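Topology and contacts: notes
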Amino acid sequence: MKIMSKLILITLTVLFFSCTQPSTSEVMIIPKVQKIEQHEGFFKLKPATSIVYQSILHNEANYLFNYIDRKTGMQLDQTTDLQSKNAIVLNIDTTISNTEAYDLQIDNKTVKITGKTPAGVFYGIQSFMQMVQQQDANSNYYIPAIKISDEPRFKYRGMHLDVCRHFFDINFVKKMLDVMALHKLNRFHWHLTDDQGWRIAIDKYPELTQIGAWRNSTLIGHASDRPERFDSVRYGGFYTKDEIKEVIAYAEKLHITVIPEIELPGHSQAAVATYPYLDCFDQQLEVWNKWGISDGAFCAGKESTFEFFENVLSEVAALFPGEYIHIGGDECLKNNWQKCPHCQARMKAENLANEHELQSYFVQRIGKFLNSKGKKIIGWDEILEGGLAENATVMSWRGEEGGIAAAKMHHDVIMTPNPICYFDHYQANEANEPLAIGGLTTVDEVYGYNPVPIELSSNEQKYIIGVQANLWTEYIATKEHAEYMLFPRLCALSEIAWTFTENKNYENFKRRLVNHKNTLELFDLNYKPFN
Ligand code: ACM
Ligand code: ZN
């Protein structure tokens, strides 16, 4: 080669690499990984790259194929032939300790994603895909050489969605599962029954969704506005069992467990509107059209109430494969119980001192029934009042006190304290925001939260199994609005759920969050703008 053309080649090579190398060597993954070593060099992701996988990882290989296609337009070969060059290799290594941990090793030739289980490999894929960013003029991607060892801080990393106050179809639910997976969240808490609508089809009680899923009007404006105003629009919707099975199967592929919530003994009005015998006084009520705490509760005295729940929960337990069923337990007003002869007779017969103990009787009886079906219950922290059911997991929402008390009693706890984890709160100055229930929960407040209270001893701390964000939808009627309330706060939540406290850093998170817009946009999310 002549000197001149050699020089040109060298110049071009230098230019090429200075254009294609990432401008910063910082690896931008949300939630932040626990351990990372950065090495020299790059892996080139190109159309000839193959995905090589052990056959048990077929689902993960397929997921990776689709994600790369979505992000780059490349449709890579998938093979179980380990000889492939320039490959992304998915492997199981049972010597890894945590079931959700993974190693991600990237060098010039291969990307190796190794987990103890398919879930670990799946999370390695999530981290890898967030690194696919730097593109050259030929549409190849350059991914920096690194070695990541990562594992979650908590085993329960949740998001809740209320589909009762406003209904969201399964396409939206699937989209939310997709974005939970991107953030390594693994529990979807589906709030399926409440005063304003019963959303799950039950074969034995078809009227629950023929009647209980529909309300004749809905409050306009804020619940505190006076005078109250209502529209006159019939509103509702529900999921068939086939739709629910479709969501469960979809979630399973994303390593997400779906936890249904069937509310009792309060938040009863949609069911009572369908079957008045569930009420203490057989009142004929309508599916509720307001927000707040309704007056009624399921009658805790009549045997027919328990027969109803045993039938409903038998179907629910058969439908959902996960270990947990959430039974609600929150905000149960006891006015009717105090006056109801059936409830009072029950209290006498069971030697219960007050209505709190009657609530505890209700929850414990249902808990035992679900245990007999191989399920464990989760309840909001009111289930502590009057005595906690055996095996029950407590979801601490009225602050952390309930969670602290339950952990001290050696019950599992999921932290979801109202000031931090309620994403129906305003996320900025309310004058510039769409109407919300109230409160103010900013991204940095979410980020700063540590779900393990310092009041707990190291042994008690082990009972804090995780953290969850809740999206109540009284004031959220559309998918776009739901996404707006979730993002970017859910990104911060994912980091408190996944990343050990010592590896967190808010300034660093903010930089990664700006970079993370490309992921939020790739999945077509209507996030609240930030910079
Ligand atoms: C709740 O927010 N009532 C659990
Ligand atoms: Zn009663």
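Now for a description of the structure that goes with this document. Each chain has its residues counted from 1, running along the sequence as written. Chain labels run from A onward and ligand labels from 1 onward, assigned in the order the entries are written. The predicted nature of this model means local features are confined to residues of pLDDT at least 70 and side-chain atom pairs, given and counted, to a pLDDT of 80 or more, with totals for whole chains, interfaces and linings taken over all residues. The side-chain numbers reported here are obtained from all heavy atoms of the structure, hydrogens and water having been left aside.

Here we come to the overall build of the protein chain. Only DSSP runs of H or I reaching four residues or more are called helices, and only runs of E reaching two or more are called strands; each is numbered from the N terminus. Within the protein chain one finds 18 helices and 22 strands. For a compact globule the rule gives 2.2 Å times the number of residues to the power 0.38, and the radius of gyration it is set against comes from C-alpha atoms. Relative to the globule expectation of 24 Å for 531 residues, the C-alpha radius of gyration of the protein chain, 26 Å, shows essentially globular dimensions. In terms of overall dimensions, the protein chain has C-alpha extents of about 105 × 50 × 45 Å along its principal axes. When the 531 residues of the protein chain are sorted by exposure, 58% land in the buried category. Two residues qualify as a contact provided that any one of their heavy atoms is within 4.5 Å of a heavy atom in the partner residue. In the protein chain, the share of contacts with a sequence separation of at least 24, taken over all contacts with a separation of at least 6, comes to 72%. Accessibility throughout is a Shrake-Rupley quantity obtained with a 1.4 Å probe, and a residue counts as covered only by protein chains that appear here. Element-wise, carbon and sulfur atoms account for 50% of the exposed surface of the protein chain, whose accessible area totals about 21500 Å². Two residue types count as positive, namely Lys and Arg, and two as negative, namely Asp and Glu; His and chain ends fall outside the count. By convention, charge coordinates are those of NZ in Lys, CZ in Arg, CG in Asp, or CD in Glu. Seen as two clouds, the 52 positive and the 66 negative side-chain charges of the protein chain have centres 6 Å apart. Each residue is assigned to one of three classes by its accessible area relative to the maximum for its type, calculated with a 1.4 Å probe on protein chains only: buried under 20%, partly exposed between the two thresholds, exposed over 50%.

It is worth spelling out helix α6 (residues 241-253) at this point. Each helix should span, by expectation, one fewer than its residue count multiplied by 1.5 Å. Between its first and last C-alpha, α6 extends 19 Å over 13 residues, near the 18 Å set by a 1.5 Å rise per residue. Buried within α6 are the following residues: Lys241, Ile244, Val247, Ile248 and Ala251. The buried residues of α6 all sit within an arc of 120 degrees when viewed along its axis, so they share a single face. Along α6, the residues that are exposed and aim more than 90 degrees away from the buried face are Asp242 and Lys253. Summarising the contacts, the buried residues of α6 are in contact with α4 (170-182), β10 (187-191), β17 (257-264) and α8 (303-319). Among the residues trailing α6, His255 stands out with phi positive, at a value near 60 degrees. As used here, the arc is the angular range of directions from the helix axis to the C-beta atoms.

In this structure, Pro227 follows Arg226 across a cis peptide bond, with omega equal to -5 degrees. By the secondary structure assignment, Pro227 is in the loop between β14 (219-220) and β15 (229-230). In this model, Phe487 is joined to Pro488 through a cis peptide bond whose omega is 10 degrees. Here Pro488 shows up in the loop between α16 (479-486) and α17 (489-498). Of note, the phi angle at Asp282 is positive, near 55 degrees, even though the residue is not glycine. For Asp282, the location among the structural elements is in the loop between α7 (269-274) and α8.

With respect to topology, eight strands assemble into a closed barrel ordered β9-β10-β17-β18-β19-β20-β21-β22, the strand pairing being parallel. Each strand axis lies, on average, 30 degrees off the axis of its neighbour in the sheet, ignoring direction. Note: strand β20 (residues 393-396) against strand β21 (residues 413-415), three bridges, orientation parallel. What sits directly across from Ser396, in β21, is Met415. Here, a strand pair is defined by DSSP locating no fewer than two bridges between the strands. Axes here refer to lines fitted to C-alpha atoms; in helices the fit is confined to the stretch in contact. Angles between the N-to-C directions go from 0 to 180 degrees.

We now examine the packing of aromatic side chains. Aromatic contacts are taken between Phe, Tyr and Trp rings whose centres are within 6.5 Å, Trp giving its six-membered ring; a plane angle under 30 degrees counts as stacked, one over 60 as edge-to-face, and the others as tilted. Applying the stated criterion across every chain yields a total of 29 aromatic pairs. Seen from their ring centres, Trp190 and Tyr239 are 4.7 Å apart, and the 50 degrees between their planes marks the pair as tilted. With Trp190 in strand β10 and Tyr239 in the loop between β16 (235-236) and α6, this residue pair connects regions lying 49 residues apart in the sequence. Relative accessible area serves as the criterion here: at 1%, Tyr239 is assigned to the buried category. A ring pair is formed by Tyr422 and Trp472, whose centres lie 6.3 Å apart and whose planes are at 40 degrees; its orientation type is tilted. One end of the pair, Tyr422, is in the loop between α13 (418-421) and α14 (443-447); the other, Trp472, is in the loop between β22 (464-471) and α16, with 50 residues separating them in the sequence. Accessibility expressed as a relative area gives 5% for Tyr422, which makes it buried. With relative accessibility at 9%, the residue Trp472 sits in the buried group. An aromatic cluster of three or more residues is present, and its members are Trp198, Tyr205, Tyr275, Tyr277, Phe298, Phe306, Phe308, Phe309, Tyr361 and Phe362. Here, a charge over a ring is recorded when the distance from Lys NZ or Arg CZ to the ring centre is within 6 Å and its angle to the ring normal is within 35 degrees. Directly above the aromatic system of Phe523 lies the positively charged group of Arg70, at a separation of 4.1 Å from the ring centroid. For Arg365, the ring lying beneath its charged end belongs to Phe306, and the centroid distance is 4.0 Å.

What describes two packed helices is the angle between their axes and the distance between those same axes. At a closest axis distance of 10 Å, the pairing of helix α10 (residues 341-349) and helix α11 (residues 355-372) adopts a crossing angle of 85 degrees. When the axes of α10 and α11 are compared, the pair comes out roughly perpendicular. Judged by residue contacts, Cys343, Gln344, Arg346 and Met347 of α10 engage Glu355, Leu358, Tyr361 and Arg365 from α11. Classification used: nonpolar for Ala, Val, Leu, Ile, Met, Phe, Trp, Tyr, Cys and Pro, charged for Asp, Glu, Lys and Arg, polar for all others including Gly. Tallied by class, residues from the contact of α10 with α11 come to four nonpolar, one polar and three charged. Angle categories are assigned with fixed cut-offs, so that under 35 degrees is roughly parallel, over 145 is roughly antiparallel, 65 to 115 is roughly perpendicular, and the rest are oblique.

Right, let's talk about the pattern of salt bridges for a bit. What counts as a salt bridge is simple: a side-chain nitrogen of Lys or Arg found within 4 Å of a carboxyl oxygen of Asp or Glu. Tallying each qualifying case throughout the model produces 22 salt bridges. Note that Lys241 and Glu315 form a salt bridge whose closest N and O atoms lie 2.5 Å from each other. Residue Lys241 is found in helix α6, and its partner Glu315 is found in helix α8; the two are separated by 74 residues along the sequence. Among the residues examined, Lys241 registers a relative accessible area of 17% and is labelled buried. The closest approach of N and O atoms between Arg346 and Glu303, which form a salt bridge, is 2.7 Å. Linking Arg346 in helix α10 with Glu303 in helix α8, this pair joins segments that are 43 residues apart in sequence. Among the residues examined, Arg346 registers a relative accessible area of 11% and is labelled buried. Put simply, Asp162, Arg165, Asp194 and Glu474 are held in one network by salt bridges that share partners.

Here we come to the coordination of the zinc ion (ligand 2). In ideal tetrahedral geometry, four donors around a metal make angles of 109.5 degrees, whereas ideal octahedral geometry with six donors gives angles of 90 or 180 degrees. Within the protein, the atoms that donate to the zinc ion (ligand 2) are Cys280 (SG), Cys299 (SG), Cys340 (SG) and Cys343 (SG), at distances of 2.3 Å. What the four donor atoms of the zinc ion (ligand 2) show is an angle range of 104 to 113 degrees at the metal, which sorts the shape as tetrahedral. The class for Cys299 is buried, based on a relative accessible area of 0%. Any N, O or S atom lying within 2.8 Å of the metal counts as a donor, with the limit raised to 3.2 Å for Na, K and Ca; because water is left out of the atom set, some sites can appear incomplete. Every angle between 85 and 135 degrees makes a four-donor site tetrahedral, while opposite donors more than 155 degrees apart, with all other angles between 65 and 115, make a four-donor site square planar and a six-donor site octahedral; other sites are irregular.

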